[in-house]
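# Overview (structure and organization)
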Amino acid sequence: MARKTTNQKAWFLVIPVVLLVAFNAIIPLMTVVNYSFQETFGDNVFFWEGVKWYEQVLRSSRFHDSLLRQIIFTSIILVIEIPLGVAIALAMPKKGIWVSVCLVLMALPLLIPWNVVGAMWNIYALPELGLLGRIINGMGFDYNFTQGPLAAWFTTIMMDVWHWTSLVVLLAYAALSSIPDAYYQAAKIDGATPWAVFRYIQLPKMKRVLTIAILLRFMDSFMIYTEPFVLTGGGPGNTTTFLSIDLVKIALGQFDLGPAAAMSLIYFLIVLLTSWIFYTLMMNNEEK
Amino acid sequence: MARISLRNIRHSYVEEPSGEEDWALKSMSVDWADGTACALLGPSGCGKTTLLNIISGLLMPTEGEVLFDDRDVTSIPPDARNIAQVFQFPVVYDTMSVYDNLAFPLRNRGVDKKTIDRRVREIANMLDLEAMLFTRAAGLTADGKQKISLGRGLVRADVNAILFDEPLTVIDPHLKWMLRSKLKELHQQFGATMIYVTHDQTEALTFAEQVIVMHEGAVVQIGTPIELFERPHHTFVGHFIGSPGMNLLPCELDGEHAEFAGHSIRTEHPVRLKTTPDTLQIGVRPEFVKFAESGIEVDVTKVTDIGRHAIVETRSGDNIIRLLLPEGQSAPAGRAHLQFDPKHTQVYADGWIVE
């Protein structure tokens, strides 16, 4: 056996990273943990409350409602954006000048700041002034996203689909263009139908990036705040109040630091757990 | 199974070909009798894969016709031509098991389950894939995957031809030899028409009974391995096939005899030219050059021992003449004389053999 040399000085090299992570993640997170177990009435005076805030949040129907809204919203946009993104990627040209034109067009929505997206869609969907609003009303529907909950949901989902489908398209397109021609040629010779080509060649080759795309879209949409805040402000009523919007209302609107901190941590754990379970399932499946 | 014929095939990847260099494949007509094992041999970029894809239907030729048993199939897609093709890089359907991979071409054609099962097991047995029939194809080694590609080609009993596009490129050397003999075995067993593209002369010469040598998009010579070796029709075939390649020496004409370095060289046929060529060369393979008491004066410059024989490099003026020396003989040092075997000495005018 060769003797391993040990040199504890290497630990010094890790210190900058430890400090950086401590300052930008661990310390802020621990502050939140700290708040979630205590009550304060200002003046930096804190009282220990145990898990009271957690119980309160988990039992509150307000939290249940926004969580349910959040889950519905995320499910809907995933169900729309992933298949739509794959479909667009499949339809995009494989070579020629149109490739770059399409790629630039696709990338555009991703470059727009989130609050601008909210403002754009707000104006675009105004029932009297906006192009979209007037078209829908012109078709005979009674559409006003500031008053009708259904219209508000429809507009918010449309906005998210417009903003983020491109991400799925770009990822799927990258995966598709890495498939060698020989696969398609072999499939032609084997007499495969277009569906079989998709099912047995394209989909398996896209699996990894689609896993990433679903994860990214899940996390981002689960934490969505800016766009619906600018578009609907969580209304009408509470119908588009998603978790983040609700959280901000509790933390900054009502200044209930304890419940807000407990809610943040529950929220964080939900995102973390779901992502981990999903990723592990997908990757385990791969090894079999 | 079928006879395959190409009639005046020409192909260009350019929209509107104008010059000669725009044609990836220059006009050619070739026939393959039913059941031949044929190799398309040539350096990279000579158009052999293009030709193969035209036969399989992956590519539509710019001009000309492809016939299977006198039936024009030029505009028929690959799946309807009923051919099999094995590619340079193994293609397997990753998510399927080895069994499903082999069954895929049959399932797509609506073959019944019992027949599929019988065929798949037969082919797996032939390719030694039985033990891994139900493992996922993605986990296999390169040669295992290439066997699957090959198996998918063989699984249909009625294919018109099996086409190979440099199928052994990614295979380890010792497995290459195994797979190659497997192919030969399969050919003898099935008698299917097989067309094998390669740039490796050993592969081509051991696999095929008929070899087509291609160069810059044109067919240079079609023949048996022995014909290619003994009577190359073009200097390209002479130096591309054989190791080392043919010696090519500039010569002059004295009546009907070639003359090199002041010596009259006896050749297979007397040289009768119809026109005056730009270049005139004597071609003789190293196997047919011998040291002698008299003949062309040369200086021995290098001897390389390669086992069974030695390659001796000699120099006459500016020209290098190589010869093979059988094991046990030693090359003379310094000045020596060479003789060419007249039966295997040809004259080439502008690259083409003079007959």
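Residues numbered from 1 in each chain as written. Chains lettered and ligands numbered in written order. Predicted model: local features only at pLDDT ≥ 70, side-chain atom pairs only at ≥ 80, totals over all residues.

Of the regular secondary structure elements, chain A holds 12 helices and 2 strands. On C-alpha atoms alone, chain A measures out to a radius of gyration of 24 Å, which is more than a quarter above the 19 Å that the 2.2 N^0.38 rule sets for 288 residues. Principal axes of the C-alpha set define a box for chain A whose edges measure 80 × 75 × 30 Å. Across chain A, contacts joining residues at least 24 apart in sequence account for 70% of those joining residues at least 6 apart. (Helix = DSSP H or I, 4+ residues; strand = E, 2+ residues; numbered from the N terminus. Rg over C-alpha atoms; globule rule 2.2 N^0.38 Å. Contact = placed C-beta atoms within 7 Å.)

With that out of the way, let us pick up the nonpolar core. Ranked by size, the top nonpolar core spans 78 residues in total, and within it Ala39, Leu40, Ala161, Leu163, Ile195, Tyr196 and Val213 of chain B carry the most contacts. Counting 21 residues, the second-largest nonpolar core is a separate cluster that includes Met246, Val312, Leu338 and Tyr348 of chain B. (Core = buried A, V, L, I, M, F, W, Y, C linked by C-beta atoms within 7 Å. Buried ≥ 20, exposed ≤ 12 C-beta atoms within 10 Å, placed from the backbone.)

Moving on: the domain arrangement of chain B. All names here are of chain B. Annotation of chain B at the domain level lists domain 1 (4-235) and domain 2 (246-353). Its C-alpha centre places domain 1 at a distance of 38 Å from the equivalent point of domain 2. Grouping the constituent residues of the side of domain 1 that touches domain 2 by class yields 1 nonpolar, 3 polar and 2 charged. (Domains from an automatic or database assignment. Nonpolar A, V, L, I, M, F, W, Y, C, P; charged D, E, K, R; others polar.)

Attention now goes to the interface of chain B and chain A. The interface of chain B with chain A comprises 20 residues on the first partner and 14 residues on the second. At the level of secondary structure, the elements contributing two or more residues to the side of chain B that touches chain A comprise α2 (78-81), β6 (84-86) and α3 (98-108) of chain B. The element that contributes the greatest number of residues to the side of chain B that touches chain A is α3 of chain B, accounting for 3 residues. Of the residues belonging to the side of chain B that touches chain A, the class tally is 12 nonpolar, 4 polar and 4 charged.

Residue and element names in this part refer to chain A. In the contact formed by helix α3 (residues 61-91) and helix α7 (residues 149-177), the axes pass within 7 Å of each other and the chain directions differ by 45°. Here α3 is positioned oblique relative to α7, judged by the angle of their axes. Both α3 and α7 take part in a crossing whose hand is right-handed. Residue-level inspection shows Ile76, Ile77, Ile80, Glu81, Ile82, Leu84, Gly85, Val86, Ile88, Ala89 and Leu90 of α3 in contact with α7, the latter providing Ile157, Asp160, Val161, Trp164, Thr165, Val168, Val169, Ala172, Tyr173 and Leu176. (Axes fitted to C-alpha atoms, helices over the stretch in contact; angles between N-to-C directions. Parallel < 35°, antiparallel > 145°, perpendicular 65-115°, else oblique. Left-handed = near helix turned anticlockwise from the far one by under 90°.)

For the rest of this paragraph, the subject is unusual backbone geometry. Residues and elements named next belong to chain B. Omega for the bond connecting serine 243 with proline 244 falls within 30 degrees of zero, at -5°, which places this linkage in the cis form. The topology assignment puts proline 244 in the loop between α9 (235-240) and β11 (247-250). One non-glycine residue with positive phi stands out, namely asparagine 82, at about 60°. On the basis of neighbour counts, which here come to 20 C-beta atoms within 10 Å, the residue asparagine 82 falls in the buried class. Even without being a glycine, glutamate 166 presents a positive backbone phi close to 45°. Relative to the elements of secondary structure, glutamate 166 occurs in the loop between β7 (161-165) and α6 (173-190).

As a further point, take the sheet that holds strand β15 (residues 280-284) of chain B. All names here are of chain B. Taken in spatial order, the 4 strands of this open sheet run β11-β15-β21-β22, and their pairing is antiparallel. Each edge of the open sheet is held by one strand with a lone partner, namely β11 and β22 (352-353). In the sheet, strand β21 (residues 345-349) pairs with β22 via 2 bridges, with the strands oriented antiparallel. Considered in β22, the bridge of tyrosine 348 is made with isoleucine 353. (Pairing = 2+ DSSP bridges.)

Now for the pairing of strand β17 (residues 296-305) of chain B. Residue and element names in this part refer to chain B. Note that β17 and strand β20 (residues 335-340) share 4 bridges and pair antiparallel. Counted as the bridge partner of glutamate 297 is histidine 337 from β20. Pairing of β17 with strand β18 (residues 309-316), which is carried by 6 bridges, proceeds in the antiparallel orientation. Each residue of the ladder has a partner; that of aspartate 299, found in β18, is arginine 315.

What follows concerns the confidence of the model for chain A. Mean pLDDT over chain A stands at 87; residues scoring 70 or higher make up 98%. Highest mean pLDDT in chain A belongs to α3 of chain A (93); lowest belongs to strand β2 (residues 46-48) of chain A (78). (pLDDT = per-residue confidence, 0-100.)

What holds strands together in a sheet is hydrogen bonding between their backbones, with the strands either parallel or antiparallel. Residue and element names in this part refer to chain B. Reading across from one edge, β16-β20-β17-β18-β19 is the order of the 5 strands in this open sheet, with antiparallel pairing throughout. Edge positions in the sheet fall to β16 (289-292) and β19 (319-326), since each of these pairs with one other strand and no more. The average undirected angle you get between the axes of adjacent strands in this sheet is 50°.

Attention shifts here to the pairing of strand β4 (residues 63-68) of chain B. Residue and element names in this part refer to chain B. Taken together, the 5 bridges between strand β1 (residues 4-12) and β4 define a ladder with antiparallel strand orientation. The residue of β4 that forms the bridge with leucine 6 is valine 66. The turn linking β4 back onto strand β5 (residues 71-72) is made up of 2 residues, and aspartate 69 within it adopts a positive phi angle of 50°.

Our next topic: the packing of α7 of chain A against helix α9 (residues 194-222) of chain A. Residues and elements named next belong to chain A. Direction vectors running N to C along α7 and α9 enclose 150°, while the axes themselves pass 9 Å from each other. Between α7 and α9, the interaxial angle falls into the category roughly antiparallel. The crossing of α7 and α9 is right-handed. Listed contacts from α9 to Asp160, Trp164, Leu167, Val168, Leu171, Ala172, Ala174, Ala175 and Leu176 of α7 are Gln202, Lys205, Met206, Val209, Leu210, Ile212, Ala213, Leu216, Arg217 and Ser221.

Attention shifts here to the environment of glutamate 39 of chain A. All names here are of chain A. Among the structural elements, glutamate 39 can be located in strand β1 (residues 38-40). For glutamate 39 and arginine 199, which are 160 residues apart along the polypeptide, the C-alpha to C-alpha distance reads 56 Å. With residues up to four places along the chain from it excluded, the contact list for glutamate 39 reads Phe46, Phe47, Glu49 and Gly258.

Moving on, we come to the environment of leucine 203 of chain A. The residue leucine 203 of chain A is located in helix α9 in this model. Expressed as a C-alpha distance, the spacing of leucine 203 of chain A and leucine 176 of chain A, which sit 27 residues apart in the sequence, is 8.9 Å.

It is worth spelling out α3 of chain B at this point. All names here are of chain B. For α3, every residue scored as buried is listed here: Val98, Asn101, Leu102, Ala103, Phe104, Pro105 and Leu106. Structurally, α3 contributes buried residues whose contacts are with α4 (113-126) and α5 (142-154). Looking one or two residues past α3, glycine 110 carries a phi angle of roughly 70°, positive in sign.

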